[in-house]
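Residue-level listing of the chains:
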Amino acid sequence: MMTLLQTILTGALFSASLITFPALAATDHAQMAGMAMSSTTPAAAEYSASGVVKAVNNHTVTIAHQAIPQLNWPPMTMRFDLSAYRGAALTAGQHIAFTFHQATAGYALDTTRAQ
């Protein structure tokens with residue numbers, strides 16, 4: 001059985017919620033239009049290089065590339081993911097300039113240009 005104090009407090013809280021919640025729901029969000037909102041996902045850095053296509057399949061391309069000073073990488077051969085690539089078809093032996101970014105599991109090819 002509720003005591004008199006519990007009944008009064010419950011009633012007061014219920015009354016306050018009837019006043020407060022409709023007021024919050026009616027808040028004008030138009031004032032937020034000019035506010036700069038930060039993205040929760042920062043843009044991935046894009047890197048440039050040039051090299052020779054060594055192998056291509058449906059999911060990856062292997063490129064022997066020159067040094068990439070931005071990343072302090074020496075010349076090497078590495079595989080790039082093609083899931084986001086929308087450029088021209090690549091063939092083994094092709095000399096290209098290309099851009100790429102770091103992906104969740106490795107690096108992904110963005111663009112290519114024949115050299």
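Residues numbered from 1 in each chain as written. Predicted model: local features only at pLDDT ≥ 70, side-chain atom pairs only at ≥ 80, totals over all residues. Heavy atoms only, no water.

## Here we look at the overall build of the protein
- The helix and strand tally for the protein stands at 1 helix and 5 strands.
- Start at the N end of the protein and walk to the C end: the helices and strands fall as α-β-β-β-β-β.
- The 115 residues of the protein split such that 23% are buried.
- Put simply, 44% of the contacts in the protein that link residues at least 6 apart link residues at least 24 apart. (Helix = DSSP H or I, 4+ residues; strand = E, 2+ residues; numbered from the N terminus. Buried < 20%, exposed > 50% of the residue type's maximum accessible area, 1.4 Å probe, protein only. Contact = heavy atoms within 4.5 Å.)

## Some words on the side chain of Thr 62
- Relative to the helices and strands, Thr 62 is located in strand β2 (residues 60-65).
- Classification of Thr 62 by relative accessible area gives buried; the value is 17%.

## Examining the confidence of the model for the protein
- Residues of the protein with pLDDT of at least 70 account for 63%, and the chain-wide mean is 79.
- Per-element averaging of pLDDT across the protein places helix α1 (residues 4-25) at the bottom with 52 and β2 at the top with 98.
- Under a pLDDT of 50 for its full length, residues 23-40 has, in the predicted model, 1 contact with residues more than four places off or in other chains. (pLDDT = per-residue confidence, 0-100.)

## Side note on the packing of aromatic side chains
- One pass over the structure, following the stated rule, counts 7 aromatic pairs.
- Centroid distance Tyr 47 to Phe 100: 5.6 Å. Interplanar angle 40°. Geometry classified as tilted. Taken together, the positions of Tyr 47 in strand β1 (residues 46-56) and Phe 100 in strand β4 (residues 95-103) put the pair 53 residues apart, joining distant regions of the chain. Grouping residues by exposure puts Tyr 47 and Phe 100 together as buried.
- On the numbers, 5.7 Å between centres and 80° between planes, the contact of Phe 100 with Tyr 107 is edge-to-face.
- An aromatic cluster is present here, built from Tyr 47, Trp 73, Phe 80, Phe 98, Phe 100 and Tyr 107 joined pairwise through their rings. (Phe/Tyr/Trp six-rings, centres within 6.5 Å; stacked < 30°, edge-to-face > 60°.)

## Concerning the nonpolar core
- Counting 17 residues, the largest nonpolar core has Val 61, Ile 63, Phe 80, Phe 98, Phe 100 and Leu 109 as the members making the most contacts within it.
- Mapped by element, the contributors of at least two residues to this core are β1, β2, β3 (76-81), β4 and β5 (106-114).
- With residues up to four places along the chain from it excluded, the contact list for Val 61 reads Val 53, Ala 55, Val 56, Met 78, Arg 79, Phe 80, Leu 82, Leu 90 and Leu 109. (Core = buried A, V, L, I, M, F, W, Y, C linked by side-chain atoms within 4.5 Å.)

## As for the environment of His 59
- Tracing the sequence through the fold places His 59 in the loop between β1 and β2.
- The class for His 59 is exposed, based on a relative accessible area of 58%.
- Taking the C-alpha atoms as reference, His 59 lies 8.6 Å from Phe 80; in sequence the two are 21 residues apart.
- Excluding residues within four positions of it along the chain, His 59 makes contact with Phe 80, Asp 81, Leu 82 and Ser 83.

## What about the environment of His 65?
- In this structure, His 65 sits in strand β2.
- Assessed through its relative accessible area of 3%, His 65 is described here as buried.
- When the C-alpha atoms of His 65 and Val 52 are compared, they prove to be 6.4 Å apart, with 13 residues separating the residues in sequence.
- Beyond its immediate sequence surroundings of up to four residues, His 65 is in contact with Ser 50, Gly 51, Trp 73, Pro 74, Pro 75, Met 76, Met 78, Phe 80 and Phe 98.

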